[in-house]
Structure formats: structure tokens, C-alpha cells
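Commentary on secondary and tertiary structure
Single-letter residue listing:
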Amino acid sequence: MARERLYLFDTTLRDGAQTNGVDFTLNDKLAIARMLDELGIDYIEGGYPGANPTDTQLFAEPRGLKASFTAFGMARRPGRSTSNDPGLAALLEAKADAICFVAKSWDYHVRVALETSAEENLASIRDSVRAAVRNGREVLLDCEHFFDGYKADSSFALACAKTAYDEGARWVVLCDTNGGALPHEVEKIVADVVAVIPGSHVGIHAHNDTEQAVANSLAAVRAGARQIQGTLNGLGERCGNANLVSIIPTLKLKREFADCFDTGVSDAQLRTLAHASRTLDEMLNRAPNRHAPYVGESAFATKAGIHASAIMKDPATYEHVPPDTVGNRRKLLVSDQAGKSNVLAELDRIGLKVDKDDPRIARLLDVLKEREAVGYAYEAADASFELLARRILGKVPNYFAVEKFDVSVEQRDNAVGQRVTVSLAVVKVKVDGDTLISAAEGNGPVNALDLALRKDLGKYQSYIKGLELTDYRVRILNSGTEAITRVLIESQDETGERWTTIGVSPNIIDASFQALMDSIVYKLVRSDAPA
Ligand SMILES: [Zn+2]
């Protein structure tokens, strides 16, 4: 069977930008576009030129992308001519390789929202596509609410799609705008459409309101659609758009699709997928979803000892695809449920060579069990586990010692009479025989302590200057009569490496201090800092 080409269309910069709390700058948009281009995406939708200054400027900039950079906008307004529609004019003026028009395809929306006739809606589609084709652009038509429209009046919905195709639109994109369609409906309706318009010209744009945007996209491909629209990490308003980060590896690694289709994403590009997904989260200042399929930190994490020992023998026993194909890695969790095999596997992964009968392994297991019993959770704190293991194996230098610290919290009126709460931390550190004292103010006691601790570490200062805390989580555990606080801190360095450390104590400052110290020491170990 001849292989067919599937086209990937990313709308992170347009539909994804509708997400609550997301506000891309021009530089963000350019950086994301370059990242999508490097990933091998065929079409990158940049936004609405003419609708806001950022997008107008984006479409005026030289971009140098291999992908078709696509401008999005409305088909001409009812009752206007194409030459007398400023929105359409801005689209035609934009430096875009392709133009994607959005138009109604649900008769109810045409009547109620657009307040026009079916004929005028079809004329608007025809005129808009014609104008853009004459301008030498590749044209796409997003048929808004196509699936609901098809259920209400299939001949009208089809007529909207067919009008665009007949007028020379390269793609007619069937949109499940409110995200309510189900996979079997999508498969059936797309099959009806490709009987009229060749599937090589049909696209799918799914939203995730029933958590089936990925399934709906794949259902459309099974029925004959050959373009898939989606966003990185499923970004998008409400529950998001179809997640390309899940769709791409499915198309490339699952035989039903991999045997029949080519995409623009090579195997080497697929290995950068986890990185791309995390980079976007970083730009959005969000903690990555650990449980994200394929790319999440826990996507290939195994806890139970029996599974871990099987994975050591042959990973295919418990993994649906090899983690490195998407740039992820296998992770064997260390926990009190786990046996020696998890610990040995984890030591092996972090490069600590120990004989399996070494008595220090039994000691490490004992310490792990003791600590997990009082509230430590090493499976969530890989860096603290590594430090603990290295300490028991005698491999962590005493870089510096904190002789004492003092944290105070003061509430008072500031100079303009507002009530403010200020925290101050003073830390006394001994490095190489020298005593260093640093003080810092912070917006809270932990922040102040962190700033003071990292202010002056003498000869180690250069190693930690790129270190930053990216996430701080506190959980109160109730064990017996007293509450115990567990703190997890996620850190990141200048290379983008992330790690998590843990602290447990009845006192939140003390728990935070342990986690902060582990983070700094871990960074020094990773940087091969001299003792
Ligand atoms: Zn959408």
C-alpha cells in the first residue's frame, strides 16, 4: 500500500493563546514558532494580523521558517464586498504563506449569531477564498461548529465545505468548536465528507471538552482526513485543543498509523518532543504535567518492585513504547513498596556502580524505609534520593556547613502607612575555614532564607549562580498527634536541568531548609565542584 502524507498544523500561537492566563509576547511567539519549525510541523498558525499589535507585528517580521506560516481571520462580513472589509484586507496584506479563514457551517449560527442567510454565508466563503487564492496564498477554511452543523443540517454544512474546496481552498478543516463530538460521530461524519471532498484536502480541528480531542483527531484520520490541527501540550481555551504532543508519537510509533502514513516529523525530531513540551511549560512558567502521556516525568516511571525487576530484564515487558523515542527516560521509583531491584536500577541509572551484595545497599534500604516512615517521599525527589545514596556510599564532599541561621517575620506599617509583612534571614556559613555571614529580606521566611543562603557561598558561588527555584510545594502530613510538614522544592539550572529535593520536619522552615540545602549540594555534585 502506498504511504500517504499526514500534515500537522499547529495553532498554539492562535487557539492556544486563548488559554486563561496565557499572554504571549512577540518574542515568545517567535521562539515558539522556531521550536515548532525545528520539530517538523508543516503549518504554524501565528495569530490574527490586524486584530492586535503583537500579531500585526509578528506577520510583518521576517521569520525564516520552513513551515507554512499561517494567518487566521474571519471570512468577509455579510453584506460587505471583499474590497470593503478591513479585516480581510489585513489578512491579505499580512506576510503569510497561507491564510486560514473561519466561517460558519451551522445553519443555526448563521441565523442567530451572524443574522444572515445561508446563501450569503456561502457567498462570503466563496468570495474570501477566491480573493486569497488570487493573492497567491494557500487557503484553508475552518468550518466552525462543523459537527454540530452537520447533525442539524448536513447538506448546508457540506455546502460550506464544498464551496471552499471548489473555489480552490487547499484544505477544508472540520472544527469541533465546542469540543462536544465523540469519536464514533467524528469518524462517521468525516467519512461522509470525504465522499464529497477528497480526504487529502480535509483537516480536523478538535477541542478537548470531553477529553477526546486526541481520539477525535485519530478517528478523523481513520475516516480519511489528512491534516490534523492541535497545540503543544493541548493548550487552548476551556479544556484545551487536541494535544499534538500526544498525537505525534501515536502517529509515528503505533503501527496502525506508522505503517500507512508519513509526517514531517523525523525520528530524530521526535526525540526532541519531551524537550519542546517542557520548554513551552517553562515559557508559561508552569510546572510540567508529570503524568502527561509520552513526555511526562512519570510517563515511564515504575514503582512496584516486581515490575521493576521485569523492566530490568526487558523494558518491553511494561512499556508501550521505548521512552527515548520521544526524548523521555525510564524511571524506577524508590519507595517503601519497592525492593532492592528498584534501588539497584536507580543507582545504575545515576551512574553509581555498586555490587548488588554490597552491605551498604542493605543499609541504604534501611535508611530509605526509616525515612519514608516519617514522611519522606523519595519517589518524588530524585535529587534527594541521589544525595542520600551518595552519602551512604561515601561520595558527597562536605562543601560547606551552615553553622546557624535565624529567620524573623515582622509585621509593621511601611512609610506610606500600608500594613506589610517582611521576612529577614541571616545565615552563618563556614566555607574552607572562612565564616561568611549573609542577610536577605524576602516576601516570606523561606524566600528570605533561600536568598540569604545563596548570597555568598565563597568559592562555590560561581557554581550556583544559574540555580533557581521553580516550584515549592508544601504538604501537611498527620502522623499521630503532631502534624509533620513535607516540603518539595523543584530547582533548575542554566542548562535547563530540573531536579526535586525534599525536606520533612514538624517545622516548615526546617523542612524547607533541608530541601534548599539538598538542592544546592546536588547542584555542586552535578557540577563536579571541588571539595
Ligand atoms: Zn479552536
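A brief report on the enclosed structure follows. Remember, predicted model here, so these are calculated numbers, not experimental data.

Turning next to the sheet that holds strand β5 (residues 98-104). Hydrogen bonds along the backbone pair up the strands of a sheet, which may run parallel or antiparallel. Taken together, the eight strands give a closed barrel; going around it, the order is β2-β3-β4-β5-β6-β7-β8-β9, and neighbouring strands pair in parallel fashion. For this sheet, the mean inter-axis angle between neighbouring strands, taken without regard to orientation, is 25°. Where β5 lies against strand β6 (residues 138-144), seven bridges are found, and the strand directions are parallel. The residue of β6 that forms the bridge with C100 is L140. Against the sheet, helix α10 (residues 244-253) touches β2 (7-10) and β9 (227-230), its axis set at about 170° to β2.

This part covers the sheet that holds strand β15 (residues 434-442). Read across the open sheet, the three strands follow the order β13-β14-β15; overall the sheet is antiparallel. Only two strands of the sheet have a single partner each, and these edge strands are β13 (401-413) and β15. Shown here is a sheet whose adjacent strand axes are inclined to one another by a mean of 15°, direction ignored. Here strand β14 (residues 419-431) runs beside β15; their pairing, made up of nine bridges, is antiparallel. The partner of V426 across the bridge, within β15, is A439. Against the sheet, helix α18 (residues 445-453) makes contact with β13, β14 and β15, and its axis sits at roughly 145° relative to β15, the strand it touches most.

What follows is about the coordination of the zinc ion. Each protein donor to the zinc ion is listed here as D15 (OD), H205 (NE2) and H207 (NE2); together their distances run 1.9 to 2.2 Å. Counting residues between consecutive donors of the zinc ion along the chain gives the motif D-x189-H-x1-H. Of this pair, D15 sits in the loop between β2 and α1 (26-39) while H207 sits in the loop between β8 (202-206) and α9 (213-223), placing them 192 residues apart in sequence. Judged on exposure class, the residue D15 and its partner H207 are both buried.

Taking burial as the measure, the eight residues of strand β18 (residues 498-505) include seven buried ones, the bulk of the element. With eight bridges connecting them, strand β17 (residues 482-492) and β18 associate as antiparallel partners. Directly across from E490, in β18, lies its bridge partner T500. Linking β17 back to β18 in an antiparallel pair, the connection comprises five residues, with G496 at a positive phi of about 90°.

Further remarks concern the pairing of β2. As judged from the four bridges shared by β2 and β9, these two strands associate in the parallel manner. Bridge pairing in β9 places D10 opposite G230. Relative to strand β3 (residues 43-47), β2 runs parallel, the two sharing two bridges. Residue pairing for β3: D10 is matched across the bridge by I44.

This part is about the packing of helix α15 (residues 340-349) against helix α16 (residues 359-373). Running from N to C, α15 and α16 cross one another at 110°; their axes reach a closest spacing of 11 Å. Classified by the angle their axes make, α15 and α16 are roughly perpendicular. From α15, K340, V343, L344 and L347 reach across to α16, where they touch I361, L364, L365 and L368. Its residues placed into classes, the contact of α15 with α16 shows seven nonpolar, no polar and one charged.

Further remarks concern the pattern of salt bridges. Counted under the stated rule, the structure contains 41 salt bridges. Note that D42 is salt-bridged to R5, the shortest N-O span being 2.7 Å. With D42 in the loop between α1 and β3 and R5 in strand β1 (residues 4-5), this pair connects stretches of sequence that are 37 residues apart. On the accessibility criterion, D42 (12% relative accessible area) is buried. Connected via shared salt-bridge partners are R14, D15, E45 and D142.

Calculation notes
- Counting from 1, residues in each chain are numbered in the order their sequence is written.
- pLDDT decides what is reported in this predicted model: residues at 70 or higher carry local features, side-chain atom pairs at 80 or more are listed and counted, and totals for whole chains, interfaces and linings draw on all residues regardless.
- Note that the side-chain values use all heavy atoms of the structure and ignore hydrogens as well as water.
- Whether two strands pair depends on DSSP finding at least two bridges between them.
- The way it works is that DSSP assigns letters per residue, a run of H or I at least four long becomes a helix, a run of E at least two long becomes a strand, and they are numbered from the N terminus.
- Axis geometry follows a simple rule: fit a line to the C-alpha atoms, using only the stretch in contact for helices, then measure angles between N-to-C directions, giving values from 0 to 180 degrees.
- The contact rule is simple, with two residues in contact once any of their heavy atoms fall within 4.5 Å.
- Only N, O and S atoms count as donors, using a 2.8 Å cut-off from the metal and 3.2 Å for Na, K and Ca, and because water is excluded some sites may appear unfinished.
- With a 1.4 Å probe rolled over the protein chains alone, any residue whose accessible area is under 20% of its type maximum counts as buried; one over 50% counts as exposed, and the rest are partly exposed.
- Each angle gets one of four labels, with under 35 degrees taken as roughly parallel, over 145 as roughly antiparallel, 65 to 115 as roughly perpendicular, and the rest as oblique.
- Classification convention: Asp, Glu, Lys, Arg as charged; Ala, Val, Leu, Ile, Met, Phe, Trp, Tyr, Cys, Pro as nonpolar; all other residues, Gly among them, as polar.
- Throughout this description, the term salt bridge denotes a Lys or Arg side-chain nitrogen within 4 Å of a carboxyl oxygen of Asp or Glu.

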